[in-house]
Protein chains: 2
Amino acid sequence: MSKSFTSVWLREPRKATTPGRSREEIVRAALELLDEEGLGGLSMRKLGAKLSAGATSLYWYVANKDELLELAYDEVWAEMIVPDPDEVGWREAASVLAYGMRQAMLRHPWSADLLGRLPALGPNAMHVADKMRRLFKVAGFSGLDIDFANSTLTAYVFGMTIPEVAWNAAIGVENYDPDEMRASVTKAAAQFPDLLERMHMDSYDDPQAVRAMAFDFGLVSVLDGLERRLAA
Amino acid sequence: MSKSFTSVWLREPRKATTPGRSREEIVRAALELLDEEGLGGLSMRKLGAKLSAGATSLYWYVANKDELLELAYDEVWAEMIVPDPDEVGWREAASVLAYGMRQAMLRHPWSADLLGRLPALGPNAMHVADKMRRLFKVAGFSGLDIDFANSTLTAYVFGMTIPEVAWNAAIGVENYDPDEMRASVTKAAAQFPDLLERMHMDSYDDPQAVRAMAFDFGLVSVLDGLERRLAA
DNA sequence: ACCTGAACACCGTTCAAGT
DNA sequence: ACCTGAACACCGTTCAAGT
């Protein structure tokens, strides 16, 4: 009965040997397609063509598209490095990690969509999770609080970066017109005088800078909050 | 040149009058389909059938599927209520709001996927944004910090709830087998002794309860952190 | 003004058949 | 063991045509 939950990482790969095409090759090509064209740009047919293979050949290496995405997704986790908290202190390590996670997502915008859709059980994700647990243990948390503190930081970074990625995608990083944006938001915010206040600030002239400030503000707040829990 | 960014909310609706079918009717039907079958369960064809209409009739009321989703998405924001900070204090108001946002997303799991994909420019979203700004002003923030504090809280709630929704979807709230889950994660976490520690805790026996605790832990931390900024 | 069906250009996935 | 093409059951969207 229990239609149990599945993941690439819970199944043995087809083979240890590397015959004709390989899973790595496929994942690499998928990553290229994803980075260039986004999540919508990856189809099994296109990926097959890119590898000069029939679209359906890929199904020998990968059970389905979702598992392929899981594989690609884990590569993003490989780019997130956790500094050693013993060397730089837990707070600095957490801060550097947070910025690194944000950057990795900005480099691979398609990963933002996957966050809420696929489990992160790959070796790279696990490696990061393991290091993060250590980080918060070094900080002084114990028991369930280790995972709670971990989740808090991760949730903040993801929650902050997901909309940022969406925003970049919606308006395009290039050809951004501050006046047009201001006009759009002003229109949407009509009838909300308090919201309109925001328009009069220069947030729309250099949105990248403002978002970096926002990220930092929140990060400091979250870390302050976690530090307070340690004192209690 | 500037392929400018679009949203339903920036275009005038077709008509003020309500002739045969109406936009509201369509959105209501879409919401039902989404709640029952999820994001993948909504197709223009199925929605048309549900309204005993041709699939393509809908295109008279709505420019495309994304705009329809924007419309549905805004209905979720209608369910998030912001208590009056003058009555209950900003911290209590923020806390109640945070729980409300989480509940709204858990009620409409499909909205978690939309967060990172569609702008939230609808009237209901704007209404919440406006009230949230007021909340943080009452708290004592000023200038850009109002929006920064706002983003911090929102990011935390979304970042925490998106994976929660995904988790529910992946394993199903019903027919959850703690032992199977423990086995799966143990397998994925092999070679990471520190991670494995977590298995020995009873987190898998009542995941709902543990996640509620995690949410509360993080929320208190975030609010503590914001409070600290006020003192500075 | 509103609704239709046919048609276009796509999807992911299965499967019998080939080598 | 690996790869193929045909086929199935879908998509969103356009558009000429109807009323």
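Per chain, the residues get numbers from 1 upward, laid out in the order the sequence is written. Lettering for chains starts from A, numbering for ligands starts from 1, and both go in the order in which the items are written. Under the rules for a predicted model, residues below a pLDDT of 70 receive no local features and side-chain atom pairs below 80 are neither given nor counted, while totals for whole chains, interfaces and linings still include all residues. To get the side-chain values, all heavy atoms of the structure are used, and hydrogens and water are removed first.

(A) Spotlight on the overall build of chain A. Each helix and strand counted, chain A has 11 helices and zero strands in total. Starting at the N terminus, the α and β elements of chain A follow one another as α-α-α-α-α-α-α-α-α-α-α. Taking the principal axes of its C-alpha atoms as reference, chain A extends roughly 60 × 50 × 40 Å. Relative to its full complement of 232 residues, chain A shows a buried share of 50%. Taking contacts inside chain A between residues at least 6 apart in sequence as the whole, the part at least 24 apart equals 71%. Areas reported here follow the Shrake-Rupley algorithm with a probe of radius 1.4 Å; residue values treat only the protein chains shown as occluding. Total accessible area computed for chain A in this model is approximately 10,600 Å², and 53% of it derives from carbon and sulfur atoms. We count Lys and Arg on the positive side and Asp and Glu on the negative side, and we leave His and both chain ends out. Charge placement uses NZ in Lys and CZ in Arg. For Asp and Glu, CG and CD serve respectively. With 25 positive and 34 negative side-chain charges, chain A shows a separation of 8 Å between the mean positions of the two kinds. Secondary structure is summarised from DSSP: a helix means a run of H or I of at least four residues, a strand means a run of E of at least two, and numbering begins at the N terminus for each. Type-normalised accessible area, obtained with a 1.4 Å probe on protein chains alone, sets the label of each residue: buried when under 20%, exposed when over 50%, and partly exposed for intermediate values. Here, residues are in contact when the closest pair of their heavy atoms is within 4.5 Å.

(B) Looking closely at helix α9 (residues 178-188) of chain A. For α9(A), the complete set of buried residues consists of Met181(A), Arg182(A), Ser184(A), Val185(A) and Ala188(A). Around the axis of α9(A), the buried residues are gathered within 165° of arc, so they sit on the same side. Taken together, the buried residues of α9(A) touch α8 (144-171) of chain A together with α7 (123-139) of chain B. The directions from the helix axis to the C-beta atoms form the arc being described.

(C) Quick look at the relation of the copies chain B and chain A. Note on the identical chains: chain B maps onto chain A by a rotation of 180° and an axial translation of 0.0 Å, with an RMSD of 0.0 Å. Taken together, the rotation and translation relating the two chain copies correspond to the operation of a two-fold axis. Most of the interface of chain B is mirrored in chain A: 98% of its interface residues are interface residues there too. Least squares is used to superpose the copies, and the fit set is the C-alpha atoms of residues whose pLDDT is at least 70 in both copies.

(D) Examining the nonpolar core more closely. Only buried Ala, Val, Leu, Ile, Met, Phe, Trp, Tyr and Cys residues count toward a nonpolar core, and they belong to the same one when joined by side-chain atoms within 4.5 Å. Ranked by internal contacts, the top residues of the largest apolar core, which has 128 residues, are Leu47(A), Phe136(A), Leu47(B), Phe136(B) and Leu153(B). Apart from residues no more than four positions distant in its own chain, Leu153(B) is found in contact with Ala94(B), Ala98(B), Met132(B), Phe136(B), Leu219(B), Val222(B) and Leu223(B). Core analysis: the second largest hydrophobic core is formed by 13 residues, Ile171(B), Tyr176(B), Val185(B) and Tyr204(B) among them.

(E) Inspection of the UniProt feature "DNA-binding region" (unreviewed entry) in chain A at higher detail. UniProt feature "DNA-binding region" (unreviewed entry): in the numbering of this structure it lies at residues 43-62 of chain A. The straight-line gap between the two end C-alpha atoms of residues 43-62 of chain A is 14 Å; of that span, 35% is helix and 0% is strand. UniProt positions are given in the numbering used here, feature names are shortened, and annotations may be inferred rather than shown by experiment.

(F) Highlighting the packing of helix α5 (residues 90-107) of chain A against helix α11 (residues 207-231) of chain A. Residues and elements named next belong to chain A. α11 packs onto α5 with a crossing angle of 145° between their chain directions and a minimal axis gap of 11 Å. As α5 packs across α11, the resulting crossing turns out to be right-handed. The segment α5 lies against α11, with Trp90, Arg91, Ala94, Ser95, Ala98, Tyr99 and Arg102 engaging Arg211, Ala212, Phe215, Asp216, Leu219, Val220, Leu223, Asp224, Leu226, Glu227 and Leu230. Three classes are used, and their members are as follows: Ala, Val, Leu, Ile, Met, Phe, Trp, Tyr, Cys and Pro are nonpolar, Asp, Glu, Lys and Arg are charged, and the others, Gly among them, are polar. In the contact of α5 with α11, the residues fall into 11 nonpolar, one polar and six charged. Orientation is described by axes fitted as lines to C-alpha atoms, over the contacting stretch for helices, and by angles from 0 to 180 degrees between their N-to-C directions. Two helices cross in a left-handed way if the nearer one is turned anticlockwise from the farther one by less than a right angle. They cross in a right-handed way if the turn is clockwise.

(G) Representation of the pattern of salt bridges. Residues and elements named next belong to chain B. By convention in these notes, a salt bridge is any Lys or Arg side-chain nitrogen within 4 Å of a carboxyl oxygen on Asp or Glu. Throughout the structure, instances matching the rule amount to 26 salt bridges over all chains. Here Glu32 ties to Lys50 by a salt bridge, and the two come within 3.2 Å at their closest N and O atoms. Of this pair, Glu32 sits in helix α1 (residues 23-37) while Lys50 sits in helix α2 (residues 44-50), placing them 18 residues apart in sequence. Take Glu32: its relative accessible area is 39%, and that puts it in the partly exposed class. Lys50 sits in the partly exposed class, given a relative accessible area of 34%. Here Arg117 makes a salt bridge to Asp66, at a shortest N to O gap of 3.9 Å. Of this pair, Arg117 sits in the loop between α6 (110-114) and α7 while Asp66 sits in helix α3 (residues 65-77), and the two are 51 residues apart along the sequence.

(H) Structural view of the domain arrangement of chain A. Residues and elements named next belong to chain A. Here the bounds of each domain stem from an automatic or database domain assignment. The domain architecture assigned to chain A consists of domain 1 (8-73) and domain 2 (78-231). Just the C-alpha atoms count here: the centres of domain 1 and domain 2 sit 29 Å apart. Opposite the 11 residues of domain 1 that make contact, domain 2 presents 14 residues. Buried area is understood as the total, over both parts, of accessible area removed when two parts are fitted together, assessed with a 1.4 Å probe. Among the residues domain 1 hides against domain 2, the three largest losses belong to Trp9, Leu39 and Tyr73. Together they make up 54% of the total. Along the contact surface separating domain 1 from domain 2 lie one salt bridge. For this analysis, a polar contact is any N or O atom pair within 3.5 Å, provided that within protein one partner can donate a hydrogen and the other can accept it, and provided that sequence-adjacent residues contribute only side-chain to side-chain pairs. Summed over the shared surface of domain 1 and domain 2, the result is two residue pairs in polar contact (both at pLDDT 80 or more). When contributions to the side of domain 1 that touches domain 2 are tallied by element, the ones reaching two or more residues are α1 (23-37) and α3 (65-77). Element by element, the count of residues in the side of domain 1 that touches domain 2 is highest for α3, at five residues.

(I) Geometry of the interface of chain B and chain A. On the side of chain A, 63 residues touch chain B, which itself brings 63 residues to the contact. Here chain B meets chain A over a buried area of about 6,000 Å², counting both sides, of which 65% is carbon and sulfur. Viewed at the interface, chain A and chain B are joined by two salt bridges. Where chain B packs against chain A, one counts six residue pairs in polar contact (both at pLDDT 80 or more). Elements represented by at least two residues in the side of chain B that touches chain A include exactly α7, α8 (144-171), α9 (178-188), α10 (193-197) and α11 (207-231) of chain B. By residue class, the composition of the side of chain B that touches chain A is 31 nonpolar, 14 polar and 18 charged.

(J) Representation of unusual backbone geometry within the structure. The phi dihedral of Ser52(A) falls on the positive side, at around 45°, and the residue is not glycine. Topologically, Ser52(A) is positioned in the loop between α2 (44-50) and α3. Ser52(A) sits in the exposed class, given a relative accessible area of 64%. In this structure, Gln191(B) is a non-glycine residue whose phi angle is positive, near 75°. Secondary-structure assignment places Gln191(B) in the loop between α9 and α10. With a relative accessible area of 72%, Gln191(B) lands in the exposed category.

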